[in-house]
Amino acid sequence: MALGVWCVNDISSELDDQLYHQAASFGEDTSVFQGADLTLVQALVLLGNLSQKRNKANTGSNFLGLATRMAISLGLHKEFPNWRITPFQREIRRRVCWGLYSFDSGTSTTFGRPILLPGEEVMDVNPVLNIHDKMSSFNATAVLPVESTEPTLYSGMRYQSHLHVKSNFISNRLLSSSGISPEEALAMNEDLGRWCEAVPSYMRQDDATPVEPWFDFNRSRLWWRFWNLKIIIFRQIFFKKAVEGRRGTVTAPIDDVEEQCTAIALSAASATIASVEQYLEHNDATTLVTWYSIYFSFHASLVVCLAIIGDSESLESSKRYEELNSVRYIFRTKFANNELAARCADILNIIVPEEFTTASNWHNVPLDHAFLDFSTSSEAGTNIFGGFGLSEFDYVPE
């Protein structure tokens, strides 16, 4: 109920606050943690997600961690083919497992923390079935329903969890203090490309078939997450070259591999901004849509800012300014009543002031060198981009 109120109400509503604290109070009874069942796992997952949406990131992470340990104790990561339970009960276990898997993977990648659930070398649980809810009547039978070739309520869960299964090793590898080479980053990008090949046509962004608004958002968010992962892979390489270009400290010419890396990061950022803009043109900006739109478009816009900082005389500069202005417009008009959107727009204006819209003007911008400090640190928030990707400015949805 608290999560539902948050999604449909104004973010400043007191009702979701009351319901949240009422729900979280169950933790005061220590006996609840002495056992485990599917209902409790689901409650912890939802409570963790709501905590995160209410800017209680560490609280949300702790709830998710507890849900993960309970899920493993219940064996949700295993299929147990000889276990005598109905197909419907088995499917419910899969839904809980992959729902938790997506939340844990998404949150861990966003915060730059190790992913708790095991990889595909350990998890042998099957994907959720792509079936309509009316097919759930198969709980009384021993026969599995035929999967749909069209979008269903579970299509998003199926392909988002598949994306995490195929890319979680990337998130964990990026936590290494040694960083990654441009060649390794390109290899990771190829792995993501192979995931794309497994996505059906109705899940693709270029599919023109009319769909329900809820599915349009589900599909769009999947690709925003996909492009964001590309940005995370390449942005340290991209940032380094952009800053060197601005400072005039480039020690060697950019080779083809590094040029390819920067191009991929910029392409992912451009695709994100264009997709968010297109989605908002045809759909309502609900609280949930606003939450994800701000997060993904803000991160994409930071890459665009770096492109402008690094090479203001590029032939692509005018396009970059247009993309940046599009994000500012979205934050200030589509999300006019959202304080965080206004704050993000102000941050963008500090990095690249709106009045400097040409290359000749850009050279006159007085830069704060703190914005050009991309050194890693043990504490998030020491610079605008943080070490792995978090800073005091970052907006962190699941």
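The rules behind the values
Residues numbered from 1 in each chain as written. Predicted model: local features only at pLDDT ≥ 70, side-chain atom pairs only at ≥ 80, totals over all residues. Heavy atoms only, no water. Axes fitted to C-alpha atoms, helices over the stretch in contact; angles between N-to-C directions. Helix = DSSP H or I, 4+ residues; strand = E, 2+ residues; numbered from the N terminus. Parallel < 35°, antiparallel > 145°, perpendicular 65-115°, else oblique. Left-handed = near helix turned anticlockwise from the far one by under 90°. Contact = heavy atoms within 4.5 Å. Nonpolar A, V, L, I, M, F, W, Y, C, P; charged D, E, K, R; others polar. Salt bridge = Lys/Arg side-chain N within 4 Å of Asp/Glu carboxyl O. Buried < 20%, exposed > 50% of the residue type's maximum accessible area, 1.4 Å probe, protein only. Core = buried A, V, L, I, M, F, W, Y, C linked by side-chain atoms within 4.5 Å. Expected span 1.5 Å × (residues − 1). Bend = angle between axes of the 7 residues up to and from the residue. pLDDT = per-residue confidence, 0-100. Phe/Tyr/Trp six-rings, centres within 6.5 Å; stacked < 30°, edge-to-face > 60°. Lys NZ or Arg CZ within 6 Å of the ring centre and 35° of its normal.

(A) A look at the packing of helix α3 (residues 38-53) against helix α5 (residues 87-111). Relative orientation of the contacting elements α3 and α5 amounts to 25 degrees, with a least axis distance of 11 Å. With respect to their mutual orientation, α3 and α5 come out roughly parallel. Of the two elements, α3 crosses α5, and the hand of that crossing is left-handed. Where α3 approaches α5, its residues L38, V41, Q42, V45, N49 and Q52 are matched on the opposing element by I92, R93, V96, L100, F103, T107 and F111. A per-class count over the contact of α3 with α5 returns 8 nonpolar, 4 polar and 1 charged.

(B) Spatial organisation of the pattern of salt bridges. Within this structure, the stated rule accounts for 14 salt bridges. As a salt-bridge pair, R54 and D17 come within 2.4 Å of each other at their nearest N and O atoms. Placement of R54 in the loop between α3 and α4 (57-73) and of D17 in helix α2 (residues 15-24) is noted, with a sequence separation of 37 residues between them. For R54, a relative accessible area of 18% gives the class buried. On the basis of relative accessibility, which here comes to 30%, the residue D17 falls in the partly exposed class. For the salt bridge of R219 with D207, the shortest nitrogen-to-oxygen distance reads 3.6 Å. Note that R219 is positioned in helix α8 (residues 213-247) and D207 in the loop between α7 (182-197) and α8, a separation of 12 residues in sequence. Note on accessibility: R219 and D207 belong to one class, buried. A cluster of three or more residues bridged by salt bridges with shared partners is formed by E79, R90, E91, R94 and R95.

(C) Fine view of the nonpolar core. Ranked by size, the top nonpolar core spans 96 residues in total, and within it I233 and F331 carry the most contacts. When residues in this core are grouped by element, the largest group, 16 residues, is from helix α10 (residues 287-310). In this structure F331 touches I294, S297, F298, A336, A341, C344, A345 and L348, once residues within four positions along its chain are discounted.

(D) Examining helix α6 (residues 155-173) more closely. With 19 residues, α6 should reach 27 Å at 1.5 Å per residue; the first-to-last C-alpha distance of 28 Å fits that figure. The largest bend along α6 measures about 50 degrees and falls at S167. Of all the residues in α6, the buried ones are S155, G156, Y159, Q160, S161, L163, H164, V165, S167, N168, I170 and S171.

(E) Focus on the confidence of the model for the protein. Mean pLDDT over the protein stands at 82; residues scoring 70 or higher make up 81%. Here residues 367-398 scores under 50 on pLDDT; set against residues more than four positions off or in separate chains, the count is 81 contacts.

(F) Broad picture of the environment of F335. Position of F335 relative to the elements: it lies in the loop between α11 (317-334) and α12 (339-351). Put simply, F335 and T286 are 49 residues apart on the chain and 9.5 Å apart in space, counted from C-alpha to C-alpha. Excluding anything up to four places from it in sequence, F335 contacts L280, A285, T290, S293, I294, I330 and A341.

(G) Geometry of the environment of V96. Take V96: it is sitting in helix α5. Given the relative accessible area of 8%, V96 is considered buried. Through-space distance from the C-alpha of V96 to that of V128 is 9.5 Å; in sequence the pair is 32 residues apart. Setting aside residues no more than four positions away along its own chain, V96 makes contact with L38, V41, Q42 and L76.

(H) Inspection of the packing of aromatic side chains at higher detail. The full count for this structure, using the stated rule, is 17 aromatic pairs. Taking the centre distance of 6.3 Å and the plane angle of 90 degrees together, the rings of F80 and W83 count as edge-to-face. Under the relative-accessibility criterion, W83 is labelled partly exposed at 41%. Note on W223 and W227: the rings are 6.2 Å apart at their centroids and 40 degrees apart in plane angle, and the pair reads as tilted. Taken together, the positions of W223 and W227, both in helix α8 and 4 residues apart, correspond to about one turn of that helix. The pair formed by W223 and W227 is uniform in burial state, with each residue classed as buried. One aromatic cluster in this structure is built from F217, W224, Y279, Y292, Y295 and F296. Above the face of the Y154 ring, R95 is positioned so that its terminal group lies 3.9 Å from the ring centre. Between the NZ or CZ atom of R221 and the centre of the ring of Y292, over which it lies, the distance is 4.9 Å.

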